[in-house]
Amino acid sequence: MGILMNRCLYIAVAMIIATAYSQLDLPEGSHDEHCSTVQMIIPEMGDFDGADTKSDANLSSTGVSFVWAEKDTVGIFPEAGSQIYFSMADGVGESSAVFDGGGWALKKSARYFSYFPFVGSFYIDKTAVPLTFEGQSQIGNGSMTQAAVGKYNYMVAEGDYNQSTGNLAFSYQFLSSLFRFRIPVDAATYTRMTFSAVSECIVESGTFNAMALDCAINDPVYVDCLTLDLKDVELTDGATFVGFMMIPPFNHLNEQITVSLTKSDGSILTSSVPGKNYRRGTPYDNAPNFSIYPASASLSGAGESTTLKIITSMSTSYEVSTDVDWLTLGSVPSSGSASVTVTASTNPGAPRKGHVIVSETVNGVTLRNIMTVNQTINGMDVGVRDWENGDDEGGSVG
């Protein structure tokens, strides 16, 4: 009986909500005064800033394009009242599509605001719609359609009645930017890309006001990096990784941006580009001149060598150096792809750390790609007694 009563109560509440919406949004008198469908328009983003090619992206004659997909849903707020949602009706694969309100209709004379992606909460605060740039992912290499950028392409718009179509039309504005990364790599399977700034200046999460067209991100939580999870990215020597992310606008002019790729074995390849004043609604191209691998190495205290790889398809000039006297470099190149032998001398004392630095200057910004070398103390045989059990355990340190 308790279950039956709860179900009846739920149905009664649902009927009250539906009635309230009917009184607010459904036709009152002439149906000509209302719209049961709306037109949603995504503008072009324009050409990639700094790109030397238009390949590997969804591009129209005027720039990067975003299109509507099947089952897309948008949220719509009246000037006063709670949100309703409209779902895709016609226009899959187009930047302008028609969305159907089902049982809902909108008054032509009222003000309405829309946002995307839709948040499925009846009680969502229209002045504090949540957004996040965490959890982005990409399947495969080289195409924007393989990256889940649509889930992070936050947009807002105000409705405007279109006499020719008889619909309310919403022309969106972007809150974020599209970044394309083109990074020279060696043969490996890659599982993650990390985009890093020199300080905590990147918005990881926050909110936006769906009724304010200033496109501001409010209540920001700042971090120094964002990540892109990768699946089925297996590349060969001489290949270029192409990745896509949606990133909030931020000013990093004359500072270094570091992009790291994690391999399936956990090792890391790094590259860098000079930062810019990244603005919303603009696509940016990030194409480093070279990458280095690995980002770190561990050597025994007895003294041994490792190899630093510099990967590039260009004749870019760079310098290779170290910041400690116990690391020595073999033949040091100044351009092109190369392998550099890094040798550590015997360590007479405590564990220590040094760096091999591959640097270049781009647009007046000095970029430093760094391999960190950790060295243990010099190895020696030791005997350790487990006093509780009376057993000897042999081993070595180094």
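Numbering of residues begins from 1 in every chain and follows the order in which that chain's sequence is written. Two thresholds apply to this predicted model, a pLDDT of at least 70 for residue-level local features and 80 or more for giving and counting side-chain atom pairs, whereas whole-chain, interface and lining totals are computed over all residues. Hydrogens and water molecules were not included; the side-chain quantities draw on all heavy atoms of the structure.

**Student:** Got a minute to help me understand the environment of Met-45 in this structure?
**Tutor:** Helix and strand assignments come from DSSP, with helices taken as H or I runs of at least 4 residues and strands as E runs of at least 2, each series counted from the N terminus. With respect to the helices, strands and loops of the structure, Met-45 is situated in the loop between β2 (37-41) and β3 (73-78). Taking the C-alpha atoms as reference points, Met-45 and Ser-65, 20 residues apart in sequence, are found 6.4 Å from one another. Whether two residues are in contact is decided by their heavy atoms, any of which lying within 4.5 Å being enough. With residues near it in sequence (within four places) discarded, Met-45 still touches Val-64, Phe-66, Phe-174, Ser-176, Ser-177, Leu-178, Met-246, Gly-281, Thr-282 and Pro-283.

**Student:** It is not clear to me how the sheet that holds strand β13 (residues 177-184) should be interpreted in this structure. Could you clarify?
**Tutor:** Pairing between sheet strands relies on hydrogen bonds along the backbone, with the strands arranged either parallel or antiparallel. At least two bridges found by DSSP between two strands is the condition for calling them paired. Pairing is mixed in the open sheet, where three strands are placed in the order β18-β13-β23. If you trace the sheet from one side to the other, it starts and ends with β18 (240-247) and β23 (283-286), each paired once. Put simply, the sheet's adjacent strands are angled 15 degrees from each other on average, direction ignored. Strand direction decides the pairing type here: β13 and β23, joined by four bridges, are parallel. In this description, a line fitted to the C-alpha atoms serves as the axis of each element, helices being fitted only across the stretch in contact, and the angle between N-to-C directions of two axes falls anywhere from 0 to 180 degrees.

**Student:** I would appreciate a short explanation of the confidence of the model for the chain in the present structure.
**Tutor:** Averaged over all residues, the pLDDT of the chain is 84; the fraction at 70 or higher stands at 84%. This model gives residues 1-32 a pLDDT under 50, and the stretch forms 28 contacts once residues within four places in sequence are excluded. Scored from 0 to 100, pLDDT reflects the predictor's confidence in each residue. A low-confidence stretch, residues 380-398 (pLDDT under 50), is modelled with 25 contacts involving residues beyond four sequence positions or located in other chains.

**Student:** Would you explain the sheet that holds strand β25 (residues 296-299) in this entry?
**Tutor:** Here four strands make up an open sheet; going across it, the order is β25-β31-β30-β27 and the pairing mixed. Edge strands, defined here as strands with exactly one partner in the open sheet, are β25 and β27 (319-322). This sheet shows a mean twist of 20 degrees between the axes of neighbouring strands, independent of strand direction. The sheet contact formed by β27 and strand β30 (residues 352-362) spans four bridges and is antiparallel.

**Student:** Looking at this model, I keep getting lost on the packing of aromatic side chains. Mind explaining?
**Tutor:** Both the distance between ring centres and the angle between the ring planes are used here to describe each pair of aromatic rings. Any two rings among Phe, Tyr and Trp, with Trp reduced to its six-membered ring, count as a pair given centres within 6.5 Å; such a pair is stacked if its planes are under 30 degrees apart, edge-to-face if over 60, and tilted if neither. Within the structure shown, the criterion is met by 18 aromatic pairs. Arranged with centres 4.9 Å apart and planes meeting at 75 degrees, the rings of Trp-68 and Phe-99 form a pair that is edge-to-face. Pair noted here: Trp-68 is in the loop between β2 and β3 and Phe-99 is in strand β5 (residues 96-100), with a separation of 31 residues, a long-range link. Ring plane angle 25 degrees and centroid distance 5.8 Å describe the contact between Phe-77 and Tyr-115, whose orientation is recorded as stacked. Pair noted here: Phe-77 is in strand β3 and Tyr-115 is in strand β7 (residues 112-116), with a separation of 38 residues, a long-range link. Chaining the aromatic ring pairs together yields one cluster made of Phe-179, Phe-181, Phe-195, Phe-250, Tyr-278 and Tyr-284. Each ring is checked for a lysine NZ or an arginine CZ that lies within 6 Å of its centre and within 35 degrees of its normal; such an atom marks a charge sitting over the ring. Its guanidinium or amino end placed over the ring of Phe-48, Arg-180 lies 4.1 Å from that ring's centre, counting from NZ or CZ. Its end group placed over the ring of Tyr-293, Lys-263 keeps NZ or CZ at 3.3 Å from the ring centre.

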